[in-house]
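The residues making up each chain are set out below.
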Amino acid sequence: MKYVDEFRDPRLARSMADDIQSLVARLQDQGRERPLKLMEVCGGHTHTIFRYGLEALLGEDIEFVHGPGCPVCVLPVGRVDDAIAIARQPDVIFTTFGDALRVPGSKQSLLSAKAEGADVRTVYSPTDALKLARENPAHPVVFFGIGFETTAPSTALTVLEAEADGVENFFVFSNHITIVPTLQAILQAPDLQLDGFIGPGHVTMVIGTEPYRFVAEHYRKPLVVAGFEPLDVMQSVRMLVKQLVEGRAEVENQYGRLARSDGNRAAREALAKVFEPRPHFEWRGLGSIEQSGLTFSEAYARFDAERRFDLPGLSVADPKACQCGEVLKGSLRPWDCKVFGTACTPETPIGACMVSSEGACAAYYNYGRLAKLGRGPRERT
Amino acid sequence: MSGRDPQLFARIEAFRRRAGRVKQERIELAHGGGGKAMRDLLDDVVKREFGAQLQDREDQARLPLTEFSALGTRLAFTTDSYVITPLEFPGGDIGRLAVNGTLNDLAVGGARPLYLSCGLVIEEGLEVSVLRRILRSMAAAAEEADVRIVTGDTKVVPRGAADRLFINTAGVGVIRGDLDLGAHRIEAGDVVLVNGFLGDHGAAVLLARGELQLNADVRSDCATLHGLVAELLNEVELHSMRDLTRGGLAAVLNELALASEVGMVVDAAALPVRAEVSGLCELLGLDPVHLANEGKLVVVLPARAAERALEIMRGHPLGREAALVGRCTASPPGLVTIDTGFGGERVLDMLVGEPLPRIC
């Protein structure tokens, strides 16, 4: 397929892997230990790494640490319960991206609430939800807003459209989050052992590269904004390792074909108009992070499902057996979790990391189990 | 008694014996009520479209055993229900699907399909014209496949109790005495073939629903495979066959691997996928190996027979894009993996959940 196959050429990937290998060898000469630990912040990168077997290709040189950038995975149990509480209200049509349907709350998921009679519908975009609201004026239609700066602008633009058209039965349950405070929280962890970051390409399309500068300048860690094709990830790894070899810590952009360094101003303006940061937002596994969640600004409060409906609003602890928190922080590999692949599988997930295809556990389960069967990385030729 | 009475009686009786006619535009509950309206529906729609295929005199079709025993030693018998939105889509409709799907289930067991039944569950309010078109399409598909729809049943349910039209078909066929196809025959060293592009049906139906605001020229691959299967069986030793339906190639290979306890390695680069379908999958985050087909089969056979089998398939209209897509290995048993071309392998599992609701 044109414009896709060019970014998936296995021969080019192998020659890049060879480059990376020799660069890492130079780092070893400088006294650095391998494997280098690189965090891919975004779940989309986790998916690419597993889908194309890039870990196998990079052998002993690189260890990918899977970051918090899977919005479904970091959604705390209490917020899922709130979503279900809204969906179960009489007359409500609750709309959501398909990913969120199977995320377990404390008692059930949206999918099981649907089976019990709640009107839960899958949509592909918030504009689908607004369309439903126009078609069903007697029903409150609620959109489950999840995701980083990648999806938040489309929610904001839809709210602006609803306002312009005077749609009064459209609401958003906002669980939108922002990446920078989260990166900060990770970098402040006392046991941080990361050598660099693969930066989130699609978030950068909106916010630009400037907000990452503190990573390089304050924490002295290189960050390369990366695309989502396998060669994008390979090239970004090479750029990161090259920075390390040359003793640099900079923000670089591998994804220039789509992510401009100044981002998308119109999207940021829509965000700033409709949303404002929450003082605190709870993340599954990471706890409460200051200024990391988006809620409605006063001017748009009438679209806020949290004000329209009575919600339990409880903070619910993760199930005891679940170690998603450790996995999200990168301190535990998924298959070291006690319930991985037995009690917790993609069919019956206990933790959210097993639900989304971008979640580290689901990626390990779906794509990574071979390594555990002794059919792991093949010899490089 | 006046002299006109016998004539009047005769006229009324003649009228009673006239074939019924449906005057309504939409199906009503009475059309399933067992009374005259139902006779109208059966006469004017079902029997008219199925024509001479139906044996309608009694409550059951009566089929001569001699016909079966002349063709083989075992009866193959299968049933499937068809629920699909929309009822009509590029490349087919629920009727054609209901004929071809059941025939394919017979064919991949090595059976020569002979007879079908047809059970209709109609939602009150369905347009009679739509029902006619779909039954006509069933009759045409059966005729093309040289099988007969010999018995059936019609029910009408209140609005909301079904989604426009559900169809169940059962089929019988006969298996040659010398054939033994099945997962138990699969062994390490066998190869895996498919007869063409993956995911066309799933993609066509997804697009036909119109929810995605995407346009692409993709048609369902809905087709009956027993002609192609017969050509293969005449010449090549096969170990196992399955038709690809819901769950796509990934589901079938996982079923076969688990049932035979061999491993299977799929070559990602060898999978035949139309550019339109892979484009759609890219956009929606789907994988063509999980999309449904309705005219594709997987053949597992000894490696030495692969070349000839591919020749036969590529010489048949339903196999032009046939390809060798995988190999069977001794270990790890029961597991399907895919070679990504990047020097790594990953597990190819069945799809979890239902991202594509109700497509076949």
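Bear in mind the structure is a predicted one, so any value in this text is a computation, not a measurement.

Cut-offs used in this document
- Residues numbered from 1 in each chain as written.
- Chains lettered and ligands numbered in written order.
- Predicted model: local features only at pLDDT ≥ 70, side-chain atom pairs only at ≥ 80, totals over all residues.
- Helix = DSSP H or I, 4+ residues; strand = E, 2+ residues; numbered from the N terminus.
- Contact = placed C-beta atoms within 7 Å.
- Rg over C-alpha atoms; globule rule 2.2 N^0.38 Å.
- Buried ≥ 20, exposed ≤ 12 C-beta atoms within 10 Å, placed from the backbone.
- Pairing = 2+ DSSP bridges.
- Axes fitted to C-alpha atoms, helices over the stretch in contact; angles between N-to-C directions.
- Arc of directions from axis to C-beta.
- Core = buried A, V, L, I, M, F, W, Y, C linked by C-beta atoms within 7 Å.
- Right-handed = clockwise from strand over helix to strand, strands pointing away.
- Parallel < 35°, antiparallel > 145°, perpendicular 65-115°, else oblique.
- Left-handed = near helix turned anticlockwise from the far one by under 90°.
- Nonpolar A, V, L, I, M, F, W, Y, C, P; charged D, E, K, R; others polar.

*Asks:* What am I meant to see in the overall build of chain B here?
*Replies:* A count of helices and strands for chain B gives ten helices and 13 strands. For chain B, the C-alpha atoms occupy an extent of roughly 95 × 55 × 30 Å along the three principal directions. Restricting to contacts in chain B with at least 6 residues of sequence separation, those with at least 24 account for 84%.

*Asks:* Please clarify how the overall build of chain A should be interpreted in this entry.
*Replies:* The helix and strand tally for chain A stands at 15 helices and 13 strands. Taken over the C-alpha trace, chain A has a radius of gyration of 21 Å; the compact-globule value for 381 residues is 21 Å, and the two agree within 12%. In terms of overall dimensions, chain A has a C-alpha envelope of 70 × 45 × 45 Å along the principal axes. Taking all 381 residues of chain A together, 52% fall into the buried category. When contacts within chain A are restricted to residue pairs at least 6 apart in sequence, those whose partners lie at least 24 apart make up 76%.

*Asks:* Help me understand the interface of chain B and chain A, please; the structure alone is not making it clear to me.
*Replies:* Many descriptions give the size of an interface as the accessible area lost when the pieces come together. Taken residue by residue, the interface counts 19 residues in chain B and 26 residues in chain A. At the level of elements, α9 (275-284) and β13 (345-347) of chain B are the ones that each hand at least two residues to the side of chain B that touches chain A.

*Asks:* Sorry, what's going on with the sheet that holds strand β9 (residues 251-253) of chain A here?
*Replies:* Working definition: the strands of a sheet are paired by backbone hydrogen bonds and lie parallel or antiparallel to each other. All names here are of chain A. Read from one edge to the other, the open sheet built from five strands follows the order β2-β1-β7-β8-β9, with strand pairing classed as parallel. Looking at strand neighbours, the two that pair on one side only are β2 (62-69) and β9, the edges of this open sheet. Taking the axes of each pair of neighbouring strands and ignoring which way they run, one obtains an average angle of 25° across the sheet. By the bridge criterion, three bridges tie strand β1 (residues 36-42) to strand β7 (residues 196-200) in an arrangement that is parallel. Bridge pairing in β7 places E40 opposite I198. Contacting β1, β2, β7, β8 (223-226) and β9, helix α11 (residues 230-245) runs over the sheet at an angle of about 165° to β8.

*Asks:* Help me understand helix α12 (residues 265-274) of chain A in this model?
*Replies:* An α-helical segment advances 3.6 residues per turn. Residues three or four places apart therefore align on the same side. Residue and element names in this part refer to chain A. Turning to α12, its buried residues number three or more, namely A270, L271 and V274. All buried residues of α12 lie within an arc of 100° about the axis, which places them on one face of the element. Looking at α12, the residues exposed on the side facing more than 90 degrees away from the buried face are R265, E269 and A272. Next to the buried residues of α12 lie α7 (152-164), β10 (275-277) and β13 (294-296).

*Asks:* Would you take a moment to explain unusual backbone geometry for this structure?
*Replies:* Phi is mostly negative for residues that are not glycine, and the peptide bonds are mostly trans. Here the residue pair A:R34 and A:P35 is connected by a cis peptide bond, since its omega of 0° sits within 30 degrees of zero. Relative to the helices and strands, A:P35 resides in the loop between α1 (10-29) and β1. Between B:T85 and the following residue, B:P86, the backbone shows a cis peptide bond with an omega angle of -5°. Considering the arrangement of structural elements, one finds B:P86 in the loop between β1 (74-82) and β2 (88-89). For A:D91, which is not glycine, the phi dihedral falls at a positive 75°. Structurally, A:D91 is set in the loop between α4 (77-87) and β3 (93-96). For A:Q291, which is not a glycine, the phi torsion comes out positive at approximately 60°. Turning to its location among the elements, A:Q291 is positioned in the loop between β12 (287-290) and β13.

*Asks:* When you look at the environment of A:C70 in this model, what are you seeing that I'm missing?
*Replies:* Residues and elements named next belong to chain A. Mapped onto the elements, C70 comes out in the loop between β2 and α4. Taking the C-alpha atoms as reference points, C70 and A56, 14 residues apart in sequence, are found 22 Å from one another. Setting aside residues no more than four positions away along its own chain, C70 makes contact with G43, S356, E358 and G359.

*Asks:* It is not clear to me how the nonpolar core should be interpreted in this structure. Could you clarify?
*Replies:* Side chains of nonpolar character tend, in soluble globular proteins, to be buried together. A:A87, A:C353, B:M138, B:L193, B:L253, B:V298 and B:V299 are the most contacted members of the largest nonpolar core, which has 224 residues in total. If we skip the residues at most four places from it in the chain, B:L193 touches B:V299, B:A306, B:A309, B:L310, B:M313, B:A322, B:A323, B:L324 and B:V325.

*Asks:* In this structure, what is going on with the pairing of strand β4 (residues 111-123) of chain B? I would like to understand it.
*Replies:* One face of the sheet, then the other: side chains in a regular strand alternate in exactly this way. All names here are of chain B. Within β4, ten of the 13 residues are buried, leaving the element largely enclosed by the surrounding structure. The pairing of β4 with strand β6 (residues 165-175) spans eleven bridges and is antiparallel. Bridging across to β6, R112 finds its partner in V174. Judged from the nine bridges that link them, β4 and strand β5 (residues 148-157) form a sheet pairing that is parallel. Bridged to V121 within β5 is K155. Traced from β4 through helix α5 (residues 128-144) to β5, the parallel crossover comes out right-handed.

*Asks:* When you look at the environment of B:L87 in this model, what are you seeing that I'm missing?
*Replies:* Residue and element names in this part refer to chain B. Summarising the element assignment, L87 is placed in the loop between β1 and β2. For L87, a count of 22 C-beta atoms within 10 Å puts it in the buried group. Discounting chain neighbours no more than four positions away, the residues touching L87 are D93, I94, V130, I134, R164 and L165.

*Asks:* Please explain the packing of α1(A) against α11(A) as it appears in this structure.
*Replies:* Pairs of packed helices are described in terms of their axes, by the angle between the two and the distance that separates them. Residues and elements named next belong to chain A. Packing of α1 against α11 leaves a shortest axis separation of 9 Å and a crossing angle of 20°. In terms of orientation, α1 lies roughly parallel with respect to α11. Note on packing geometry: the crossing formed by α1 with α11 is left-handed. Listed contacts from α11 to L12, A13, M16, A17, D19, I20, L23, V24, R26 and L27 of α1 are P230, L231, M234, Q235, V237, R238, V241, K242, L244 and V245. Grouping the constituent residues of the contact of α1 with α11 by class yields 15 nonpolar, one polar and four charged.

*Asks:* I keep staring at the sheet that holds strand β5 (residues 141-147) of chain A and nothing clicks. Help me out?
*Replies:* All names here are of chain A. Ordered in space as β4-β3-β5-β6, the four strands form an open sheet in which the pairing is parallel. Pairing within the sheet leaves two strands with one partner each, and these edge strands are β4 (119-122) and β6 (170-176). Averaged over all neighbouring strand pairs, the angle between strand axes comes to 25°, with direction disregarded. Sheet topology note: the β3/β4 ladder contains four bridges and is parallel. The residue of β4 that forms the bridge with I93 is D119. Packed onto the sheet, α7 meets β5 and β6 and runs at close to 160° relative to β6.

By themselves, these figures tell us nothing about what the structure is for.
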